[in-house]
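# Structure assessment
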Amino acid sequence: MLTLRNHIQYIFIGVLILLVQSLIFSNINLFSWLNPLIYSLFVFLFPTRNRMSLIIYSFILGLCLDNVLQTGGINAFALTLIAFIREPFWKSLSLIKEDKNSIAIRTKSTHTFFFSILILIFIHHLIIFSIENFNFAKIHYLILKVLLSSVITFSIILLLYSIFRIKIVNGEE
Amino acid sequence: MSQIIQFIQKGRHFFVFLVLEIIAISLIIGSYYTYTISFLNSTNYISGKLYYFENEFSKHLTLDLENQKLLEENATLRNKISILENINAASENAVQITDSIRYQRYEYIPARIISNSISKKHNYININKGKRDRITQDMAVITHKGVIGITDYTTHKFARVMSLLNKKTKINGNIKSKGVFGTVTWNGEDYRYVQLTDIPKHITLEIKDTVVTDVHSNIFPSGIPIGIIKDFKLKAGSDEYIINVELFENFLKIENVYVVTDFDKIETDSLYVNP
């Protein structure tokens, strides 16, 4: 379970991510439309075995982002969804061990972890772009946008992981 | 009974998730398909302040460009003044008639943009003037180059502007050389072009004709430039054109705008309200 210190820590991280997203990454306008949505990093940073807190925190962060970026609920929807599917997804990739005593194999799990992040980012972008467009007439254009945007977001998150030496979350705690 | 409780406990994550997603969906629907203002808008105190402080820092980065723009605007205004002075001097020895017809209809309030976006389908702009500067709903926002948007929500210190680059925005446009009017909307794709629709087929269009705001608009003063015609095609299955209009204003680089107060607004609006 999370202690009070953990709660304060994650609220602080959430505020930091909100500021970075809204002040820096939402003003990039690469090719006039591409803004990396790095705030999904919050979901990957959150420790495992706290699924309820993760879902609620993600929803609140999403709402705050919607407020600041004026997207009216889209970010909250997408972030809550990936927060919800994170745990079963990681379990299926055996990133989290059901049994507490077993040891996760680090070297192998690093690749799997970043692969899972890529998939989650892709789902996140797909939801956001398809709700925003709400028009599947130009689906190839939509898919291209989603792919390009999620690859760039993924590389930025990878960069952040390596620069700040963020520990990879796994079932060991 | 205990089975029900057990069932809920087992799937508690899912139920919380479901409730939150339903809240999010209702917010999305509320923001997209109705014209009401939800509580999720960044004109409120905290985000307004956040953008205000960001702007306090970043406004120094574009001073050169802004100076250049102001110089250009001053030059055009000076040219206009000199023309008007000539006309006045030429006309019958300056007989001034004080008449109630001659009065100022529009007032221009300068404002500064504190946040802007172009990459979404529904873009909004926040400006640093609000109710205390007599800014209300449905006022025109322009620069000297062209139309920017319409104010749609104000707080004490800030106001939110529905940008021209918003799928909900509809304004009356007029092809200057032809005198025909249509509706200017945005299709949500490219921030450099807007679309002029409702122009009937029998009118011959020319590339590079200027599109300005129409006299029929009861928000914008008439003759504010919007852009020039880039290309046009007939709408499939109808006898109207869809015209791509290239905007004069670069929406990526606007910093200073004017909010237009129309002193006749109450009077003109009453014509629409009363049957």
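The structure under discussion appears in the preceding block.
The structure displayed is predicted, hence computed values, not measured ones.

### So, the overall build of chain B
In terms of regular secondary structure, chain B is built from five helices and twelve strands. Within chain B, the proportion of its 275 residues that are buried is 42%. Carbon and sulfur atoms form 58% of the exposed surface of chain B, whose accessible area is close to 16100 Å².

### Quick word on the packing of aromatic side chains
A full pass over the atoms with the stated rule returns 17 aromatic pairs over all chains. With 5.7 Å between their ring centres and 55° between their planes, A:F42 and A:F46 make a pair best called tilted. Each member of the pair, A:F42 as well as A:F46, carries the same accessibility label: buried. An aromatic cluster is defined as three or more aromatic residues linked by ring pairs; in this entry it consists of A:F84, B:F7, B:F14, B:F15 and B:F17. Sitting over the face of the ring of A:F84, A:R51 holds its NZ or CZ atom 4.6 Å from the ring centroid.

### Structural notes on the nonpolar core
The biggest cluster of nonpolar side chains holds 54 residues, and the ones touching the most others in it are A:Y39, A:F44, A:F46, A:I117, A:I157 and A:Y161. Mapped by element, the contributors of at least two residues to this core are α1 (4-23), α2 (41-45), α3 (51-69), α4 (74-92), α5 (106-133) and α6 (139-163) of chain A together with α2 (12-33) and α3 (45-58) of chain B. Core analysis: the second largest hydrophobic core is formed by 45 residues, B:I113, B:V147, B:I203 and B:F251 among them.

### What about unusual backbone geometry?
Residues and elements named next belong to chain B. Even without a glycine there, the phi angle at R134 is positive, about 65°. Exposure remark for R134: the relative accessible area of 52% places this residue in the exposed category. Positive phi is not limited to glycine here, since K208 has a value of about 75°. Along the chain, the position of K208 falls in the loop between β8 (193-200) and β9 (210-213).

### Focus: the sheet that holds strand β4 (residues 147-154) of chain B
All names here are of chain B. Strands sit in the order β1-β2-β5-β4-β3-β12 around a closed barrel of six strands; the barrel is antiparallel. Going across the sheet, the axis of each strand differs from the next one's by a mean of 45°, ignoring polarity. Relative to strand β1 (residues 106-115), α3 is tilted by about 90°, and along the sheet it contacts β1 and β2 (122-127).

### Details of the pattern of salt bridges
Residue and element names in this part refer to chain B. Taken as a whole, this structure holds eleven salt bridges over all chains when the rule is applied. Here E66 makes a salt bridge to K69, at a shortest N to O gap of 3.9 Å. Separated by three residues within a single helix, E66 and K69 lie in helix α4 (residues 63-90), roughly one turn from each other. What makes E66 buried here is its relative accessible area of 5%. Overall, the relative accessible area of 17% leaves K69 in the buried class. Residue K265 pairs with D269 through a salt bridge whose shortest N-O separation is 3.3 Å. On the criterion of helical spacing, the pair formed by K265 and D269 is a turn pair, its members being four residues apart in helix α5 (residues 265-273). Under the relative-accessibility criterion, K265 is labelled buried at 17%. A relative accessible area of 25% means that D269 is categorised as partly exposed. Bridged by salt links that share partners, the residues E66, K69 and E249 form one connected network.

Thresholds applied
- Residues numbered from 1 in each chain as written.
- Chains lettered and ligands numbered in written order.
- Predicted model: local features only at pLDDT ≥ 70, side-chain atom pairs only at ≥ 80, totals over all residues.
- Heavy atoms only, no water.
- Helix = DSSP H or I, 4+ residues; strand = E, 2+ residues; numbered from the N terminus.
- Buried < 20%, exposed > 50% of the residue type's maximum accessible area, 1.4 Å probe, protein only.
- Areas by Shrake-Rupley, 256 points an atom, 1.4 Å probe, with all protein chains shown as cover.
- Phe/Tyr/Trp six-rings, centres within 6.5 Å; stacked < 30°, edge-to-face > 60°.
- Lys NZ or Arg CZ within 6 Å of the ring centre and 35° of its normal.
- Core = buried A, V, L, I, M, F, W, Y, C linked by side-chain atoms within 4.5 Å.
- Pairing = 2+ DSSP bridges.
- Axes fitted to C-alpha atoms, helices over the stretch in contact; angles between N-to-C directions.
- Contact = heavy atoms within 4.5 Å.
- Salt bridge = Lys/Arg side-chain N within 4 Å of Asp/Glu carboxyl O.

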